[in-house]
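Coordinate inspection notes
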There are 2 protein chains.
Amino acid sequence: MKPSVTLKKISNMLNISISTVSRALKNHPDISEATRNKVQELAGMLDYVPNAHAISLRTNNSKEFGIIVPSISSYFYHSFISSIEEEARRFGYSLVILQSGEDPKIELENVIKCKNARLSGIFISITSETEDISELLKLDQQNIPTIFFDKVPAYEACNKVCTADTGATRLVADLLIKKKKKKILAMFGNQHLSITQVRVQAFKEFMEQHNWGKKFEIVYAHSPAQASEQLHLAFQKKNKPDAVFCMSDEILTGVMKRVQMLKIQVPEELGIIAISDGSVPQLYYPEITYAETSGFKLGKLAFSRMMTCIAGTPFVQSIVDESVLIFGGSI
Amino acid sequence: MKPSVTLKKISNMLNISISTVSRALKNHPDISEATRNKVQELAGMLDYVPNAHAISLRTNNSKEFGIIVPSISSYFYHSFISSIEEEARRFGYSLVILQSGEDPKIELENVIKCKNARLSGIFISITSETEDISELLKLDQQNIPTIFFDKVPAYEACNKVCTADTGATRLVADLLIKKKKKKILAMFGNQHLSITQVRVQAFKEFMEQHNWGKKFEIVYAHSPAQASEQLHLAFQKKNKPDAVFCMSDEILTGVMKRVQMLKIQVPEELGIIAISDGSVPQLYYPEITYAETSGFKLGKLAFSRMMTCIAGTPFVQSIVDESVLIFGGSI
DNA sequence: TTGAAAGCGCTAACAG
DNA sequence: CTGTTAGCGCTTTCAA
């Protein structure tokens, strides 16, 4: 339990003032080389590390960003976080990652923590249960620029960056039509989520606009197991689907398990297409064709938006990152 | 840009002293109910949030733990982190998650950050490239209890908790023998990693002890693609394997891709068994039988070890979490 | 029951 | 080139 070394301690040992030590350590031009060397050497020996709390308190600048997500486990969030991390490092910022676990209460706790820590800014993807975002909207006024990403609140005037749900869905729908699939099983997740609603809506619209309104059926699945079950049901009918669209990785894994179980031939017997951030589709053979929603690109967009806000031109903006098709051999 | 509200501001508005406000806010028994209500009400209206940096500075206790990992993306680390998070919350601690991206330089930067932030303790899983851990060993002396987990340095006197590599490998080997597999393909990862060496060693030893030394072949793969290729090669020979052992998820995904490609029947044609933390094996049908290394359990162990250290009985200890077999239908 | 005062470690304006 | 001083927001002893 050795007490930590401070500027004061160094200044005492060297019989110089605290401020001289402080300056010497940050290579202030005013300091003589002799003094500077002396100080830096001793600091090195003593393993001096500046106290970040004291600095934050004094300068009122923590040089830290917060990232609040429902869960860090998905490939999407992971690539988003890594992307932000890369940029943050370049600018001398650190990252504080907080998980809300799909629980609005914990999410709120996390927001409070960010305020307590006087973070320089927050990136947040809200949980699917989040209803009251008033606390979040206050952040901007309290001098903590906030960028919503991916799961963003609807209709509010705040900074958002998100992936092109509509665009990605249309890419998929378009390919299904081009491939002349006539009996499409379109599987979506929890229909209470706005992301599901947007995708369902986009899918229906596109199909109908292209006179394909009679060639698909929409079903919902809240888990891989349910997705698996849905495919099972569809394959028991005499008129089996010739293609299945999975709106998420969760759905896709369920579907693929049943495909293996029933030994369904892909793509001959059944075409498969998904929307994904791109890790899961590569686990299978043939690899799954999907519309990509890139956490990495979104991270870059979000970060540059953040820096703009910090620079002091905090007008509100919604940015959408367009999606692209990645071809496997599954359709 | 409204300036943040502080105790001083509240005390001015109410014409009472700062210390009274401070006490009132934390329900100090000395304070009269009238004053307390008055203060708490105003603080509520003003959205007062205590400045965590000031508190840390004053109390010399950040109530934060750091977790440093190569990457948060794996299911193992994710479950470890979530497990720690759960406990930390119960004790009023927050978590700072830092990724090193398999880069010792960034890892070192992260350690420095933890020191700067005067964290209350650190959980760290070192990168496979980490060689110089002197900076890490200093942490304990500098009053930052450090728990190494999963990827731990060899031979050093420090607190470690890790999964039972040897135990898990033996469980697998034992089942392979019980199933009377005679032509086992045992696939391991990067042989420079100590985790690989330990597992290979344990596997060989167990097999030889049980007179099964002639019935397996060991190969190495550094990526899913290489694992896939290895299986391909094995299946081109006239004497095909009747079982494959995958020492990690990475290997398993590569193997499974080739299994799908070659339409190999599992388990009739080929038995499959793995060591995994338990997310990937469930993606397939039949589900893969595996020896589980649980991040969740390890997290609990690590946390309780941390609390012991903080309580001030910091003797060094190595804890190993035993593994169990989870049965799918793959062998 | 409340207030005054000191100090955590650091920065920065000002003075020499 | 170096030192003095004030103060960031908070807790906590001591005194009233």
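Residues numbered from 1 in each chain as written. Chains lettered and ligands numbered in written order. Predicted model: local features only at pLDDT ≥ 70, side-chain atom pairs only at ≥ 80, totals over all residues. Heavy atoms only, no water.

1. Topic: the overall build of chain A
Within chain A one finds twelve helices and twelve strands. Relative to the compact-globule value of 20 Å for 331 residues, chain A shows a C-alpha radius of gyration of 26 Å, a clear excess of over 25%. Across its three principal directions, the C-alpha atoms of chain A cover 90 × 40 × 35 Å. The proportion of buried residues among the 331 residues of chain A is 51%. For chain A, the share of sequence-separated contacts (at least 6 apart) that also reach a separation of at least 24 residues comes to 72%. When the accessible area of chain A is evaluated, it comes to approximately 15200 Å², of which 52% is carbon and sulfur surface. (Helix = DSSP H or I, 4+ residues; strand = E, 2+ residues; numbered from the N terminus. Rg over C-alpha atoms; globule rule 2.2 N^0.38 Å. Buried < 20%, exposed > 50% of the residue type's maximum accessible area, 1.4 Å probe, protein only. Contact = heavy atoms within 4.5 Å. Areas by Shrake-Rupley, 256 points an atom, 1.4 Å probe, with all protein chains shown as cover.)

2. A closer look at the protein's contact with DNA strand C
Within the structure, DNA strand C sits among 25 residues, and Y48 and R58 of chain A together with T20, R23 and T35 of chain B are positioned closest to it. Here a phosphate oxygen of DNA strand C and a backbone polar atom of L7 of chain A are 2.7 Å apart. Contact distances for DNA strand C include 2.8 Å between a base nitrogen and a side-chain N or O atom of R23 of chain A. Elements with a contribution of two residues or more to the surface near DNA strand C: α1 (7–14), α2 (18–25) and α4 (52–59) of chain A together with α2 (18–25) and α4 (52–59) of chain B. Sort the elements by how many residues they give to the surface near DNA strand C and α2 of chain A lands first, with four residues. In terms of residue class, the surface near DNA strand C is built from nine nonpolar, nine polar and seven charged. (Near = heavy atom within 4 Å. Polar contact = N/O pair within 3.5 Å; in protein donor to acceptor, adjacent residues only side chain to side chain. Nonpolar A, V, L, I, M, F, W, Y, C, P; charged D, E, K, R; others polar.)

3. Quick look at the sheet that holds strand β7 (residues 216–220) of chain A
Residue and element names in this part refer to chain A. One open sheet accounts for six strands, arranged β7-β6-β8-β9-β10-β12; its pairing is mixed. Single-partner strands in this sheet number two, and they are β7 and β12 (324–326). With strand direction ignored, the average angle separating the axes of adjacent strands in the sheet is 20°. Across the sheet, helix α8 (residues 165–178) lies against β6 (184–188), β8 (243–246), β9 (271–276), β10 (289–292) and β12, angled at about 170° from β9, the strand it touches most. (Pairing = 2+ DSSP bridges. Axes fitted to C-alpha atoms, helices over the stretch in contact; angles between N-to-C directions.)

4. Some words on the sheet that holds strand β4 (residues 146–149) of chain B
All names here are of chain B. Strand order in the open sheet made by the six strands is β2-β1-β3-β4-β5-β11, with parallel pairing throughout. Either end of the sheet is taken by a strand with one partner, and the two such strands are β2 (94–99) and β11 (318–321). Geometrically, the sheet is characterised by an average inter-axis angle of 20° between neighbouring strands, direction not taken into account. In the sheet, strand β1 (residues 64–69) pairs with strand β3 (residues 121–124) via four bridges, with the strands oriented parallel. Looking at the pairing, G66 lines up with I122 of β3. Sitting on the sheet, helix α5 (residues 75–90) is in contact with β1, β2, β3, β4 and β5 (159–163), with an inclination near 160° to β2.

5. Side note on the UniProt feature "domain: HTH lacI-type" (unreviewed entry) in chain A
Under the present numbering, the feature "domain: HTH lacI-type" (unreviewed entry) in UniProt falls on residues 5–59 of chain A. Here residues 5–59 of chain A is 69% helix and 0% strand, with 20 Å between the C-alpha atoms at its ends. (UniProt positions renumbered as here; feature names shortened; annotations may be inferred.)

6. Some details on empty space enclosed by the protein
A water-sized probe rolled over the atoms picks out the places where empty space is left. Taken as a whole and assessed by the stated rule, the structure comprises four cavities of 30 Å³ or more. Of the volumes computed, that of the largest cavity is approximately 80 Å³. Lining of the largest cavity is provided by E85, A88, R89, Y93, S94 and L95 of chain A together with L98, Q99, N110 and K113 of chain B. Sort the elements by how many residues they give to the lining of the largest cavity and helix α5 (residues 75–90) of chain A lands first, with three residues. (1 Å grid on protein atoms, 1.4 Å probe; cavity = no way out; pocket = protein on both sides within 12 Å on 5 of 7 lines; lining within 4 Å. Points joined across faces, edges and corners; volume = space filled by probe spheres on them.)

7. As for the pattern of salt bridges
All names here are of chain A. This model, assessed by the stated rule, comprises 28 salt bridges over all chains. Of the charged contacts in the structure, one is a salt bridge between E86 and K300, with a shortest N-O distance of 3.4 Å. Linking E86 in helix α5 with K300 in helix α12 (residues 295–311), this pair joins segments that are 214 residues apart in sequence. Of the charged contacts in the structure, one is a salt bridge between K115 and E135, with a shortest N-O distance of 2.8 Å. Pair noted here: K115 is in helix α6 (residues 104–116) and E135 is in helix α7 (residues 134–141), with a separation of 20 residues, a long-range link. Exposure remark for K115: the relative accessible area of 3% places this residue in the buried category. Look at E135 and you get buried, because its relative accessible area is 18%. (Salt bridge = Lys/Arg side-chain N within 4 Å of Asp/Glu carboxyl O.)

8. Some details on the packing of aromatic side chains
Residues and elements named next belong to chain A. Under the defined criterion, the tally for this structure stands at 26 aromatic pairs over all chains. Centroid distance F65 to F123: 5.8 Å. Interplanar angle 75°. Geometry classified as edge-to-face. With F65 in strand β1 (residues 64–69) and F123 in strand β3 (residues 121–124), this residue pair connects regions lying 58 residues apart in the sequence. Taken as a pair, F65 and F123 share a single burial class, namely buried. With a centroid separation of 3.7 Å and an interplanar angle of 5°, the aromatic rings of F80 and F149 are classed as stacked. With F80 in helix α5 and F149 in strand β4 (residues 146–149), this residue pair connects regions lying 69 residues apart in the sequence. We classify F149 as buried; its relative accessible area is 0%. Here the aromatic cluster, defined as three or more aromatic residues joined through ring pairs, consists of F65, F76, Y77, F80, F91, Y93, F123, F149 and F303. Its guanidinium or amino end placed over the ring of W212, K215 lies 4.3 Å from that ring's centre, counting from NZ or CZ. (Phe/Tyr/Trp six-rings, centres within 6.5 Å; stacked < 30°, edge-to-face > 60°. Lys NZ or Arg CZ within 6 Å of the ring centre and 35° of its normal.)

9. With respect to the interface of chain A and chain B
Between chain A and chain B, the residue contacts involve 52 residues of the former and 52 residues of the latter. Both sides of the chain A and chain B interface together cover about 4900 Å² of buried area, and 51% of this is carbon and sulfur. Counting the surface chain A buries against chain B, the share from its top three residues, H53, R118 and Y285 of chain A, is 14%. The tally of links from chain A across to chain B stands at six salt bridges. Taking the shortest distance from any N to any O, the salt bridge between D47 of chain B and K138 of chain A comes out at 3.2 Å. (Buried area = accessible area lost by both parts, 1.4 Å probe.)

10. Here we look at the relation of the copies chain A and chain B
Once chain A has been moved 0.1 Å along the axis and rotated by 180°, it coincides with chain B to within an RMSD of 0.1 Å. With respect to symmetry, the two chain copies, as superposed, fit the operation of a two-fold axis. Minimal C-alpha separation from the rotation axis in chain A is found for H53 of chain A, amounting to 2.3 Å. (Least-squares fit on C-alpha atoms with pLDDT ≥ 70 in both.)

11. Describing the packing of α4 of chain A against α4 of chain B
Following both chains from N to C, one finds α4 of chain A and α4 of chain B inclined at 135°, their axes separated by 8 Å at the closest point. Judged by the inter-axis angle, α4 of chain A sits oblique to α4 of chain B. Here the hand of the crossing between α4 of chain A and α4 of chain B comes out left-handed. Each of H53, A54, S56 and L57 of chain A in α4 of chain A lies in contact with α4 of chain B, whose residues at this interface are H53, A54, S56 and L57 of chain B. Considering only residue class, the contact of α4 of chain A with α4 of chain B consists of four nonpolar, four polar and no charged. (Parallel < 35°, antiparallel > 145°, perpendicular 65-115°, else oblique. Left-handed = near helix turned anticlockwise from the far one by under 90°.)

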